[in-house]
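# Survey of secondary and tertiary structure
Single-letter residue listing:
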Amino acid sequence: MTDKSIVILSLMVFHSSFINGKTCRRKLVEEWHPQPSSHVVNWTLTENICLDFYRDCWFLGVNTKIDTSGNQVVPQICPLQIQLGDILVISSEPSLQFPEINLMNVSETSFIGCVQNTTTEDQLLFGCRLKGMHTVNSKWLSVGTHYFITVMASGPSPCSLGLRLNVTVKQQFCQESLSSEFCSGHGKCLSEAWSKTYSCHCQPPFSGKYCQELDACSFKPCKNDGSCINKRGNWDEQGYECVCHPPFTGKNCSEIIGQCQPHVCFHGNCSNITSNSFICECDEQFSGKKCIYIHTYTQITLILSMYFKLNVKYFLYF
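Residues numbered from 1 in each chain as written. Predicted model: local features only at pLDDT ≥ 70, side-chain atom pairs only at ≥ 80, totals over all residues. Heavy atoms only, no water.

An unreviewed UniProt entry lists the protein chain under the name EGF-like domain-containing protein, from Rhinopithecus roxellana.

Structure below.
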């Protein structure tokens with residue numbers, strides 16, 4: 001029996017032992033990490049082969065170009081999503097360490113059908129046999145989805161047993177420049193499992209591609225029932241405008257049209273803001289545009305005080 005036959009027989013034994021496959025576990029949302037990470041993929045049939053592309057390997061709607069009519073089983077190593085700049089290491093088990101075995105970069109169609117293009121040796125990932133741990137060259141990890149299959153110089157390929165992997169490399173769009181803070185410091189740089197990139201998810205009241213815009217109206221700056229118009233300005237600028245109802249005016253509709261007159265502010269002080277507007281600065285217990293309304297707390301206090309005085313008089317009388 002040749003070495004090649006031994007390899008294929010060993011792989012078939014492994015494959016028959018784990019034919020039920022596994023469900024690939026992954027997070028629905030990942031946050032961008034500033035420093036590159038290393039990902040080690042065990043090139044083996046004994047632990048990380050999934051069978052059902054939609055149910056086990058991926059979520060419905062992700063990389064769904066594969067035609068699954070007739071419930072076609074496409075065994076493969078659990079798909080991988082990494083960031084641009086991350087390091088990918090392939091670790092092969094001893095049974096795969098033969099001179100004729102290597103990994104090849106192929107098209108999506110060739111990946112599905114395990115078709116090896118024998119005329120493109122420049123698509124081989126490694127210049128030597130698959131043995132131990134190998135770091136994948138960064139040229140194979142550009143932005144996009146890449147398809148790697150196990151190939152042999154001749155004979156049947158172990159690719160069809162599941163020794164193939166697709167890797168999606170994502171880039172981030174969370175910085176206006178390389179020196180900028182991610183999402184302007186007002187959000188997180190995230191990617192869902194079905195997304196092709198990382199983007200900003202802003203914290204209220206910020207918005208925009210880089211969370212650089214402030215929704216100033218969320219602070220309700222317009223007083224006295226004024227209407228707020230959001231200008232979507234930068235976070236360090238006034239990004240709103242108030243439309244005031246008469247007799248109010250001013251930036252926040254807190255001023256009254258006219259000039260200070262005697263007793264115009266019933267329980268407070270009058271101050272002219274411009275040549276045609278003033279405000280009433282109310283005493284502590286009062287509110288309203290002309291300091292007419294007494295606070296609820298003060299009303300309760302007065303009522304209790306009057307009630308106490310009446311009860312004292314009643315007690316003294318009897």
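## Looking at the UniProt feature "domain: EGF-like" (unreviewed entry) in the protein chain
Selection criterion: UniProt positions are given in the numbering used here, feature names are shortened, and annotations may be inferred rather than shown by experiment. Numbering of helices and strands starts at the N terminus; helices are DSSP runs of H or I of at least 4 residues and strands are runs of E of at least 2.
In the numbering used here, UniProt assigns the "domain: EGF-like" (unreviewed entry) feature to residues 170-212, 213-254 and 256-292. For the annotated span residues 256-292, helix accounts for 0% and strand for 46% of the residues, and the straight-line distance between the end C-alpha atoms is 15 Å.

## A short note on unusual backbone geometry
The following threshold applies: Buried residues are those whose accessible area, probed at 1.4 Å on protein chains only, stays under 20% of the maximum for their type, while exposed residues exceed 50% and partly exposed ones sit between those limits.
Across the junction of Pro204 and Pro205, the peptide omega takes the value 10 degrees, indicating a cis bond. Checked against the element boundaries, Pro205 lands in the loop between β12 (197-202) and β13 (206-207). Here the bond from Pro246 into Pro247 is cis, since omega is 10 degrees, no more than 30 degrees from zero. The residue Cys211 is not glycine, and still its phi comes out positive at about 55 degrees. A relative accessible area of 0% means that Cys211 is categorised as buried. Not every positive phi belongs to a glycine, and Lys220 is a case in point at roughly 50 degrees.

## What to know about the side chain of Asn102
Convention followed: Here a polar contact is recorded for every N or O atom pair within 3.5 Å, except that within protein the pair must consist of a potential hydrogen donor and a potential acceptor, and residues adjacent in sequence are included only if both atoms are side-chain atoms. We call two residues contacting when some pair of their heavy atoms lies within 4.5 Å.
By the secondary structure assignment, Asn102 is in strand β7 (residues 101-106). What makes Asn102 buried here is its relative accessible area of 9%. Looking at Asn102, its side chain comes within polar contact range of the main-chain oxygen of Phe126, at 2.8 Å. Other than its neighbours up to four places away in sequence, Asn102 contacts Leu124, Leu125, Phe126, Cys128, Ile149, Thr150 and Val151.

## Considering the pairing of β7
Threshold: We call two strands paired when DSSP finds no fewer than two bridges between them.
Most of β7 is tucked away, with six of its six residues classed as buried. Residues of β7 alternate between two faces, with Ile101, Leu103 and Asn105 on one and Asn102, Met104 and Val106 on the opposite face, all of them buried. The pairing of β7 with strand β9 (residues 144-152) spans six bridges and is antiparallel. Note that in β9 the partner of Asn105 across the bridge is Phe148.

## A word on the pairing of strand β6 (residues 87-92)
Here β6 lies mainly inside the structure; five of its six residues are buried. The sheet contact formed by strand β2 (residues 38-43) and β6 spans six bridges and is parallel. Directly across from Val41, in β6, lies its bridge partner Ile90. Sheet topology places β6 next to strand β8 (residues 133-135); three bridges connect them, and they run antiparallel. Paired with Ser91 across the bridge in β8 is Met133.

## Some details on the packing of aromatic side chains
Selection rule: Note on ring pairs: Phe, Tyr and Trp rings are taken, using the six-membered ring of Trp, and paired if centres are within 6.5 Å. Classes follow the plane angle, with under 30 degrees stacked, over 60 edge-to-face and the rest tilted.
Enumeration according to the criterion identifies two aromatic pairs in this entry. Look at Trp32 and Tyr198: their rings are 5.0 Å apart centre to centre, the planes differ by 80 degrees, and that puts the pair in the edge-to-face class. Of this pair, Trp32 sits in the loop between β1 (29-31) and β2 while Tyr198 sits in strand β12, and the two are 166 residues apart along the sequence. You can call Trp32 buried: its relative accessible area is 15%.

## Considerations on the sheet that holds β8
Cut-off, in case you're wondering: Axes here mean lines fitted to C-alpha atoms, for a helix over just the part in contact, with angles spanning 0 to 180 degrees between N-to-C directions.
With mixed pairing, three strands are arranged side by side in an open sheet as β2-β6-β8. Bordering the open sheet on either side are β2 and β8, each of which pairs with just one other strand. Neighbour-to-neighbour, the strand axes of this sheet turn through a mean angle of 25 degrees, independent of strand direction.

## A look at the state of the cysteines
Spelled out, the test is: Here, a disulfide means two cysteine sulfur atoms that sit within 2.5 Å of each other.
Tallying each qualifying case throughout the model produces eleven disulfides. Through a disulfide, Cys202 is tied to Cys211; the S-S separation comes to 2.1 Å. For the disulfide bridge between Cys202 and Cys211, the dihedral angle about the S-S bond is near -95 degrees, and by the sign convention the bridge is left-handed. Looking at Cys202, the relative accessible area reads 26%, which means it is partly exposed. Covalent S-S linkage joins Cys260 and Cys270, the inter-sulfur distance amounting to 1.9 Å. Since a negative S-S torsion denotes a left-handed disulfide, the Cys260-Cys270 link at about -95 degrees is left-handed. Placement of Cys260 in the loop between β18 (255-257) and β19 (268-274) and of Cys270 in strand β19 is noted, with a sequence separation of ten residues between them. A relative accessible area of 25% places Cys260 in the partly exposed class. Exposure remark for Cys270: the relative accessible area of 27% places this residue in the partly exposed category.

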